[in-house]
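# Commentary on secondary and tertiary structure
Okay, here's what each chain looks like letter by letter:
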Amino acid sequence: MYSRADTARILRVSSSRLRYWERTDLVSASARHDGRPAFAFSDLVQVRTLVSLVEDGVPVRRIRGSLKALRERLPELESPLRELRLSPSGAGRVAVRHGDHLVEPDGQLALDFAAAGDAACLLY
């Protein structure tokens, strides 16, 4: 388990930004230790995904909207940032790999021209 401070240090994000993301339900710690949030490795994955999207220029507002749409479309998911592969898809958009399909969170199918393991490329 990792404290918020350790998580922020490991992922090179400020503790205040991480707290804000927690408060606004973008990320969450799955446990508590001594009454404080504790991040498991899978939690670090969700935070790293969020950091990557922000670093790639996807606005936080767009990410939040995409997560909301994903939760509505796929209610069986507990945490889309943990359970799905999200990638920036140009113009500040997000694409999601779900099974064999590449889709935008609103359900729009996307054409994936990238090789396996590469970032998703979309045709608009």
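First things first, this report covers the structure right here in the doc. (Residues numbered from 1 in each chain as written. Predicted model: local features only at pLDDT ≥ 70, side-chain atom pairs only at ≥ 80, totals over all residues. Heavy atoms only, no water.)

### Points about the pattern of salt bridges
Note on pairing: side chains with opposite charge can pair once their charged atoms come close. Enumeration according to the criterion identifies three salt bridges in this entry. Among the ionic pairs, Glu 22 bridges to Arg 4, the shortest N-O distance being 2.6 Å. Pair noted here: Glu 22 is in helix α2 (residues 15–23) and Arg 4 is in helix α1 (residues 4–11), with a separation of 18 residues, a long-range link. The exposure class assigned to Glu 22 is buried, which follows from its relative accessible area of 15%. A salt bridge links Arg 48 to Glu 55; its shortest N-O distance comes to 3.7 Å. On the accessibility criterion, Glu 55 (55% relative accessible area) is exposed. (Salt bridge = Lys/Arg side-chain N within 4 Å of Asp/Glu carboxyl O. Helix = DSSP H or I, 4+ residues; strand = E, 2+ residues; numbered from the N terminus. Buried < 20%, exposed > 50% of the residue type's maximum accessible area, 1.4 Å probe, protein only.)

### Some points on helix α3 (residues 41–55)
In this model α3 runs 21 Å from its N-terminal to its C-terminal C-alpha over 15 residues, within 8% of the 21 Å that 1.5 Å per residue would give. Listed as buried for α3 are Asp 43, Leu 44, Gln 46, Val 47, Thr 49, Leu 50, Val 51 and Leu 53. Residue Gly 57 follows α3 closely and has a positive phi angle near 95°. (Expected span 1.5 Å × (residues − 1).)

### Topic: the nonpolar core
Trp 21, Val 27, Val 47, Leu 50 and Ile 63 are the most contacted members of the largest nonpolar core, which has 20 residues in total. Counting only elements with at least two residues in this core, the list comes to α1, α2, α3 and α4 (60–73). (Core = buried A, V, L, I, M, F, W, Y, C linked by side-chain atoms within 4.5 Å.)

### Here we look at the packing of α1 against α3
It is the contact of α1 with α3, at a shortest axis distance of 11 Å, that shows an interaxial angle of 45°. In terms of axis orientation, α1 runs oblique to α3. For the element pair α1 and α3, the recorded crossing hand is right-handed. Contacts from Thr 7, Ile 10 and Leu 11 of α1 reach α3 at Leu 44, Val 47, Arg 48 and Val 51. (Axes fitted to C-alpha atoms, helices over the stretch in contact; angles between N-to-C directions. Parallel < 35°, antiparallel > 145°, perpendicular 65-115°, else oblique. Left-handed = near helix turned anticlockwise from the far one by under 90°. Contact = heavy atoms within 4.5 Å.)

### Quick look at the environment of Ser 42
Along the polypeptide, Ser 42 turns up in helix α3. Taking the relative accessible area as the measure of exposure, Ser 42 reaches 34% and is therefore partly exposed.

### Observations regarding a nonpolar patch on the surface
A contiguous nonpolar patch, built from Tyr 2, Ile 10, Phe 41 and Val 45 and spanning about 350 Å² of accessible area, is present on the exposed surface. In this fold, Ile 10 is placed in helix α1. (Patch = residues over 30% accessible without salt bridge, like charges linked within 9 Å, V, L, I, M, F, W, Y side chains within 5 Å. Areas by Shrake-Rupley, 256 points an atom, 1.4 Å probe, with all protein chains shown as cover.)

### Regarding the side chain of Asp 43
Positionally, Asp 43 belongs in helix α3. Only 2.7 Å separates the side chain of Asp 43 from the backbone nitrogen of Ala 40, close enough to count as a polar contact. (Polar contact = N/O pair within 3.5 Å; in protein donor to acceptor, adjacent residues only side chain to side chain.)

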